[in-house]
Every structure is written in C-alpha cells, then in structure tokens.
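Below, each chain spelled out in residue letters.
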Amino acid sequence: MPPTAETAQVSHRATYRVVLAEPRFRLLFSTRAVAITADALRITTFSVLVFSSTGSALLSAVAFGIGFIPQLFGSLLLGSLADRLPPRALITGGYALTCAIALLLALVRMPVAASLGVVALVSLATPVFHGASSLLVAQSLEGDAYVLGRSLNNIAGAGAQLFGLALGGAAVAALGPHRALAVSAVLYLGCALAIRIRLPRLQPGEFGGTPSSAGSDGGAVRASLQGAGLLLRGRTVRRLMLAQWLPVALVAGAEGLIVAYAGERRFAAGWYAVLMGCLPVGMLVGDLLVGRFLRPPARERLVVPLVALAGLPLIGFAAEPGVSVSSCLLLLSGLGYAYGLGLQRPFLDALPQDGRGQAFGLLGSGSMTLQGVGPVCLGAVAAVIGTGGAIALAGGAAVLTAGWILTWHPPASPALAPNRVVSSE
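The rules we used
- Residues numbered from 1 in each chain as written.
- Predicted model: local features only at pLDDT ≥ 70, side-chain atom pairs only at ≥ 80, totals over all residues.
- Heavy atoms only, no water.
- Phe/Tyr/Trp six-rings, centres within 6.5 Å; stacked < 30°, edge-to-face > 60°.
- Helix = DSSP H or I, 4+ residues; strand = E, 2+ residues; numbered from the N terminus.
- Buried < 20%, exposed > 50% of the residue type's maximum accessible area, 1.4 Å probe, protein only.
- Core = buried A, V, L, I, M, F, W, Y, C linked by side-chain atoms within 4.5 Å.
- Contact = heavy atoms within 4.5 Å.
- Axes fitted to C-alpha atoms, helices over the stretch in contact; angles between N-to-C directions.
- Parallel < 35°, antiparallel > 145°, perpendicular 65-115°, else oblique.
- Left-handed = near helix turned anticlockwise from the far one by under 90°.
- Nonpolar A, V, L, I, M, F, W, Y, C, P; charged D, E, K, R; others polar.
- pLDDT = per-residue confidence, 0-100.

1. So, the packing of aromatic side chains
Taken as a whole and assessed by the stated rule, the structure comprises five aromatic pairs. Plain terms: the ring middles of Y261 and F317 are 5.2 Å apart, the flat faces sit at 75° to each other, and that makes the pair edge-to-face. With a gap of 56 residues between them, Y261 in helix α14 (residues 258–264) and F317 in the loop between α17 (303–315) and α18 (323–335) connect regions that are remote in the sequence. Of the two residues, Y261 and F317, neither departs from the other in class, the shared state being buried. Ring plane angle 65° and centroid distance 5.5 Å describe the contact between W404 and W408, whose orientation is recorded as edge-to-face.

2. Here's the deal with the nonpolar core
Ranked by size, the top nonpolar core spans 87 residues in total, and within it I91, Y146, M241, L330, F347 and F360 carry the most contacts. Among all residues touching L330, those that are not within four sequence positions of it are I258, L275, C278, L279, L314 and F317. Core analysis: the second largest hydrophobic core is formed by 14 residues, L116, V119, A120 and L181 among them.

3. With respect to the packing of α17 against α18
At a minimum axis separation of 7 Å, α17 and α18 run at an interaxial angle of 165°. Taken together, the axes of α17 and α18 lie roughly antiparallel to each other. Crossing of α17 over α18 shows left-handed handedness. Here L306, L309, A310, P313 and L314 of α17 lie close against α18, whose contacting residues are L329, L330, L332, S333 and L335. Each residue belonging to the contact of α17 with α18 can be placed in one class, and the counts come to nine nonpolar, one polar and no charged.

4. Points about the packing of α17 against helix α21 (residues 387–408)
At their nearest, the axes of α17 and α21 sit 6 Å apart, and the two run at 165° to each other. Comparing the axis directions of α17 and α21 gives the class roughly antiparallel. As α17 runs across α21, the sense of the crossing is left-handed. When α17 is examined against α21, the residues V303, V304, V307, A308, G311, L312, L314 and I315 are found in contact with a partner set consisting of I391, A392, G395, G396, A398, V399, A402, I405 and L406.

5. Observations concerning the confidence of the model for the protein
Residues at a pLDDT of 70 or more form 88% of the protein, whose mean pLDDT is 83. Per-element confidence in the protein is highest for α17, whose mean pLDDT is 96, and lowest for helix α1 (residues 5–11), whose mean pLDDT is 49. Counting interchain partners and residues more than four positions distant, the pLDDT-below-50 stretch residues 212–217 has ten contacts. Scored below 50 in pLDDT, residues 413–425 makes 30 contacts in the model with residues more than four places away or belonging to other chains.

Spelled out as structure tokens, the structure:
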C-alpha cells in the first residue's frame, strides 16, 4: 500500500539547517539563549548576594528557587494573555521587565524579604512571555521542523545555563554581586531591543492566537482559569503534560542533592561542580543525537525507554559510588532527557487552536514549579535515608513513571488530528 501524504509528512525528518534558516525562529532562538545565560547569571548572583547579606544557607536556597515556584500560579491566572495580546509587545515587555528587576537588585539596597518578594512577583508574569514565544515557534515551524526547533532550544538552554553559571562565578569574583547583576540586566536589555527591532508587529489572529481583547469573556484572570481548566480536564493533554513534567522534576530533585552527596562522601573540593555539569552535558548530547539521527516515529517509540534511562542510572546511587562512577551515572541519566522530543508533536497536535499560547505557558511553568518543589521534597527524604538513598528513590520513581507512560503511550503513536478537541474523563 503506497504511503499517504500524511504518513510521509509524519515520518519526514527535518534538519537543523532548515530550522535555523527560518528568520523568526532564529531571532527567538538566539535571544532565548542569551536570556537563559542572563537568567543563570542573575539567579546565582542573587543567591550569592542573599547569602553574603544573611549568612543563611536556607535563604540562599530560597533566593535560588524563588523565581520558579510562583510560575504555575502565574500561568493559571494570566496564561490566556499569551493568546490575546500581540507577541512582540509581550516578549519585549518580558525581557524589559526582567532587565528592570536585575537593575533594581543591583542598584537598590532592599531588605532580603522585599527583594525575594519582588522576584517572586515578577515571576508570575513569566509564563505569559514564554507562552507567546513558544506559540510563535509553533506557528513558524511545521512538522518535524517544530520538534527540531524544540531540540535546538533544549541544546542551547543547556549550553547557555552552563555558560551563565561560569559567567556568574567570574563576574562575582571580578565585579562583585551588585555589578554582576547589572551585567545580567544589560543582557536582558539586548534581548528586548532585538525583539522590538527585528520581530514583525503581529496581532493575535495573525499568529494563531485569539484575536480578542484581554478583557473579554469576563477578564483575563477568568479566561485564564477557564482555559487552564479546559486543558487539564482533557485526558490527552493532561497525560502529555504530566509525562513531560514528572521525569524532569524527579531528576531535578536528585540534582539538587548532588552538593550534599559530594559533601557526605567527602569528595575533593570542586568535584560537586563537575558532577552537576554531567546532567546538562548528557542532556545536550542526548538531544543532539536523538534530534539529528532519528526519524519522528523512532523518537516517539523511544519515549518510554528514554524515560527509563533518565531514572535507572540514579538507582545506582544507592550503592554510594565514588566520583568516577557518579559522573558516569549522571551523564547517562542526562541522555534520557531526550525523551521529551518524542512527545512534542503529539502534544502540539492535541492542543486546541485558540489556546496554544496558554498551553505552552502552562507546560513550561508547571515544569519549572515542579523542578523547584522536587529538591525540597527529596531533601526532606534525604534527611531520613541519606542523600544516596534519596537520589536512588528519585530514579526509581522515574522508572515507575516510564511504566505509567507505557500504559497509554503506544510504541508508534500516530499523529493526532490538528486542532482536535481533546476528550475528558
């Protein structure tokens, strides 16, 4: 039986060159990479600043994660704006707002509680900006090009995070924390100017959003809550969101224990940084290999094995291995992060056409929130059973998640009909 046009499109493999040839994606991709570098610089420097002011490890940890946890609430309350407002204004405003906050932290000596509150408040709006950007990417790239676009964003995100951490350490050492925060503000400002100058002015109806005002249907908050409820009631969308949230949250929780594990095992000074770098390196390599060399059906067939790969190596920490073995285990676990590429197209196809921006914002904010909660929960477990046991427990939970996905994710899932209304339980 000859293959249909739809089947050929599903199995067609795009290339990174084709993806980067799209001007709009190239702009969003490059500014996002710079913004992630600025995020890593700002977050780590703010954490250092809080610790130097208070001497409290707890407050320093809170400063590190305070921008993550509120994002889910922001998506629930404001997420519909990603579909209702012009994307250029939203994305430019997002970068400008984070620039202003970095400058405020750099120039104004506020009480620690006030600075934490300001960062948390601004993070409520983050899902709106990210949702608008993700919606533009989905509109600019089609088929497998969209999946490779997400792959490139993952690769750039891992690289930019590593570079931002290194830049943060160097900037704090050379300039001090306040001036280092000013450096992050300059990077955000550059992103805002690039989007404002180079991104065309589009209205929501022109890029797949909802061409209506933010105040219609009873206001943005009501529309956001209704939209989030509709998305989460749909069994297909809910399952695909949980499948993208849970393994990452569990591995992030294990990652949050690496410093304590290295301390308990009395590794040489500085080795904790090497261990922490193994996960993003593995993630970068995994995304590159899976995105570059596998066709779309193969990526979707490998979702469950890759989720299991993310968890299985972590179980080895129950034996409390040394530096070399621990590094290899974390590197292997990072390779499993590529499972998300096999879920990108089914997730996109399952979304309603007029709520995609909010869905992307909810997906990202839920992931960030759970990555903030994961280390806290596993830290409590580690206090009882030790860090090695807690990391192994996180790996076992990831393997169980792979088994759950296997119960509903077919080995070669067909592409869902675009704009299909998802079913509810």
